[in-house]
Amino acid sequence: MNKIKTITYLLAFVVLWSCKKEMPIDYVLLSGNISNTKGGELNISALNGFSKTINVKDTGIFSDTLFIEENGLYNLRFEQMRFSPYLSKGANISLNVDAKEHSNTLKILGDYAELNNYFAYKAGKEYDFMMDREGSFNMDEASFETKIKDFQDDLEQHLDVVKNIPEDLKVKELRAINYSRLAKKANYERMYGYLSKNRDFKASDAFKKELSEMTFDNGEDYLYSSDYQQMVGQNIREKAYGFYQKDSLPYPEAQAKALAEVKSEIIKNAELYKSISMRLPMSKDKDKDLKEFLNASTNEGHIVSIKELFESLKVLDPGQPSPKFVNYENYAGGTTSLDDLKGKYVYIDVWATWCGPCKYEIPFLQKVEEKYHDKNIHFVSISTDKQSDKEKWKAMIKEKELGGIQLITDNDFNTPFVNGYKIRGIPQFILLDPDGNIVQANAPRPSDEKLIELFDKMKI
């Protein structure tokens, strides 16, 4: 009997060991230490539909497990830091960075550390180039050509010394470095015209020749290179705007027509995914927009992700309790929380001093505030400016003589209120009822006549 038991146990052990041995590893262990931060959300995403948000503690420490379907570059965002590390199944990766000096302090440890430190170096170089607009763009064509070629050569040299890099990845990265140069070239005309105060400036045909010869149907490069991806997106937007003007189509229809001309199914699906991800949180007819997306997309990962987004947005339906803000600094002094405003309707403007469309709405908002200043409504403007730009916020309030209740978040976009409303772009206007429940999560702008119609309907 004991002999039979022993054999049974041995067989069970062998079976369990075999199962364990064959179990696939489909995750990445990601951890890090971010100094000079109050904490916030670290977002990791890819156009294959992968998306994950990691909560970073106020100590800057984080650790999480990412279940990925494929190896490759993933987009990582935290505050102003943008970085695209190479993640592979089974890898253990750690990063250390100073959030205020991310362009020159980001260091990667663990698997593929040498390769990912190259990507960190590249991200820092790209950030510094764009932040120094005067030094990067305000020069003649020949000097600019030399500057971006030197930039390309430097990255290629840093890539060339990386060891143990997957060969197919190196080939794609070399193309990506070239796209980086071309993307800067594509921005030159606009940037130089702005910086030189010559708004009529046009780059020469010789300068723009290689840009005009580009093709925009390479799905592999689209998924790999963010620069190529941006240029493809810009090409589609320009076509859509052409249809919008020429054929007098509503912009969503013009965009759909432009996307229909895209040959690559990868690109078409990805652009549909990006568009619906931005549009759905602000949509006034989510069911219609979702249905149109489901009819157009053939990417199962995207479909699953957008259905999840659609379900998550139900918490922002009319009648639902509003996400709350607590103890936001008030320009008039002290702090204000959403609960302090109960008893009246609340019209909220989420904006920033650097946002052009936000500033466009200011005079319209002032007129609406004047019209309803003695009515049953609070007008609240919440700035998403960084705490380091607080003085700019105060200066603009004084300069523009902004009324209403002027607040600033304690951590720009990385707050429960902003994230609760899934705000992907500003300005966004929100209307709440006197009990703090949502009337419209994406209310009409002050420049829209429908705002007054809404106020009248609510008998404000």
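Here the structure is shown first, and the text comes after it.
Residues numbered from 1 in each chain as written. Predicted model: local features only at pLDDT ≥ 70, side-chain atom pairs only at ≥ 80, totals over all residues. Heavy atoms only, no water.

Visitor: Would you explain the overall build of the protein chain in this entry?
Guide: Along the backbone of the protein chain there are 17 helices and 17 strands. On the principal axes, the C-alpha backbone points of the protein chain span a range of 85 × 75 × 45 Å. Evaluated residue by residue, the protein chain yields a buried proportion of 45% over its 460 residues. Excluding contacts between residues fewer than 6 apart, the proportion of contacts in the protein chain whose partners are at least 24 apart in sequence is 63%. Accessible area of the protein chain: about 24,900 Å², with a carbon and sulfur share of 51%. Looking at the protein chain, you have 63 positive and 71 negative side-chain charges, and the mean spots of the two groups are 2 Å apart. (Helix = DSSP H or I, 4+ residues; strand = E, 2+ residues; numbered from the N terminus. Buried < 20%, exposed > 50% of the residue type's maximum accessible area, 1.4 Å probe, protein only. Contact = heavy atoms within 4.5 Å. Areas by Shrake-Rupley, 256 points an atom, 1.4 Å probe, with all protein chains shown as cover. Lys, Arg positive; Asp, Glu negative; His and termini not counted. Charge placed at Lys NZ, Arg CZ, Asp CG, Glu CD.)

Visitor: Looking at this model, I keep getting lost on the nonpolar core. Mind explaining?
Guide: Side chains of nonpolar character tend, in soluble globular proteins, to be buried together. F325, I348, F417 and Y421 are the most contacted members of the largest nonpolar core, which has 61 residues in total. F325 has contacts with T336, S337, L338, L341, I348, I382, L407 and F417, leaving out every residue within four places of it along the chain. Residues I54, F62, Y74 and I148 belong to the second largest nonpolar core, which totals 53 residues. (Core = buried A, V, L, I, M, F, W, Y, C linked by side-chain atoms within 4.5 Å.)

Visitor: It is not clear to me how the environment of E329 should be interpreted in this structure. Could you clarify?
Guide: Inspection of the secondary structure assignment puts E329 in strand β11 (residues 328-330). Along the sequence, E329 and Y273 sit 56 residues apart, while their C-alpha atoms lie 36 Å from each other.

Visitor: For this particular structure, what's the right way to read the sheet that holds strand β15 (residues 405-408)?
Guide: Within a sheet, neighbouring strands are paired by backbone hydrogen bonds and run either parallel or antiparallel to one another. Taken together, seven strands build an open sheet; the order of strands is β12-β11-β15-β14-β13-β16-β17 and the sheet is mixed. Of all the strands in the sheet, the pair left with one neighbour each is β12 (335-336) and β17 (438-440). Sheet topology places strand β13 (residues 345-351) next to strand β16 (residues 428-432); five bridges connect them, and they run antiparallel. Directly across from Y347, in β16, lies its bridge partner L431. (Pairing = 2+ DSSP bridges.)

Visitor: I keep staring at helix α9 (residues 226-246) and nothing clicks. Help me out?
Guide: Counted at 1.5 Å a residue, the expected span for α9 with its 21 residues is 30 Å, and the 30 Å between its end C-alpha atoms agrees. Considered for burial, the residues of α9 that qualify are D227, Y228, Q229, M231, V232, G233, I236, A240 and F243. Tucked inside the fold, the buried residues of α9 contact α3 (113-131), α6 (167-195), α8 (219-224), α10 (251-260) and α11 (265-279). (Expected span 1.5 Å × (residues − 1).)

Visitor: How do you make sense of the pattern of salt bridges when you look at a structure like this?
Guide: Where charged atoms from two side chains of opposite charge come close, those side chains can pair. Under the definition given, this model contains 26 salt bridges. Notably, a salt bridge pairs K209 with E213, separated by 2.5 Å at the nearest N-O pair. A salt bridge links K274 to E271; the shortest N-O distance between them is 3.2 Å. Of this pair, K274 and E271 both sit in helix α11, three residues apart, roughly one helical turn. Residue K274 is classed as partly exposed on the basis of its relative accessible area of 28%. Relative accessible area serves as the criterion here: at 9%, E271 is assigned to the buried category. Because the salt bridges share partners, they merge into one network encompassing E145, R181, K185 and E210. (Salt bridge = Lys/Arg side-chain N within 4 Å of Asp/Glu carboxyl O.)

Visitor: Mind showing me how you'd approach the packing of aromatic side chains here?
Guide: Any two aromatic rings considered together are summarised by their centre-to-centre distance and by the angle between their planes. Following the criterion strictly, the structure yields 26 aromatic pairs and no others. Between Y372 and F455 the ring centres are 5.1 Å apart and the planes differ by 80°, which places this aromatic pair in the edge-to-face class. Linking Y372 in the loop between α14 (356-371) and β14 (377-383) with F455 in helix α17 (residues 450-457), this pair joins segments that are 83 residues apart in sequence. Each of the two residues, Y372 as well as F455, counts as buried. Over the face of the ring belonging to F129 we find K184, whose NZ or CZ atom lies 5.2 Å from the ring centre. Above the ring of F207, the side-chain terminus of K185 is found at 4.9 Å from the ring centroid. (Phe/Tyr/Trp six-rings, centres within 6.5 Å; stacked < 30°, edge-to-face > 60°. Lys NZ or Arg CZ within 6 Å of the ring centre and 35° of its normal.)

Visitor: Even after reading the chapter, I still don't get the packing of α3 against helix α5 (residues 141-160), so can you show me in this structure?
Guide: Helix-helix packing: each pair is described by the crossing angle between the helix axes and the interaxial distance. Following both chains from N to C, one finds α3 and α5 inclined at 165°, their axes separated by 10 Å at the closest point. Taken together, the axes of α3 and α5 lie roughly antiparallel to each other. Every pair of crossing elements has a handedness; the one defined by α3 and α5 is right-handed. Between α3, through Y118, Y121, K122, K125, E126 and F129, and α5, the contact on the second element is made entirely by F144, K147, I148, F151, D154, L155, H158 and L159. Class assignment of the residues belonging to the contact of α3 with α5 gives a composition of eight nonpolar, one polar and five charged. (Axes fitted to C-alpha atoms, helices over the stretch in contact; angles between N-to-C directions. Parallel < 35°, antiparallel > 145°, perpendicular 65-115°, else oblique. Left-handed = near helix turned anticlockwise from the far one by under 90°. Nonpolar A, V, L, I, M, F, W, Y, C, P; charged D, E, K, R; others polar.)

Visitor: Before we go on, may I ask you to explain the pairing of β14 in this structure?
Guide: Of all seven residues in β14, six are buried, a share of seventy percent or more. Of the strand pairs in this sheet, β13 and β14 are connected by seven bridges, and their pairing is parallel. The residue of β14 that forms the bridge with W351 is S383. The handedness of the β13 to β14 crossover, carried by α14, is right-handed. The pairing of β14 with β15 spans four bridges and is parallel. The partner of S381 across the bridge, within β15, is Q406. As a crossover connection, the stretch from β14 through helix α15 (residues 390-400) into β15 is right-handed. (Right-handed = clockwise from strand over helix to strand, strands pointing away.)

Visitor: Is there a simple way to explain the packing of α11 against helix α12 (residues 286-296) in this structure?
Guide: Running from N to C, α11 and α12 point in directions that differ by 170°, and their axes come no closer than 11 Å. When the interaxial angle is binned, α11 and α12 end up roughly antiparallel. Contacts between α11 and α12 involve N269, L272, Y273, I276 and R279 from the first element and D289, F293 and A296 from the second. A class-by-class count of the residues in the contact of α11 with α12 yields five nonpolar, one polar and two charged.

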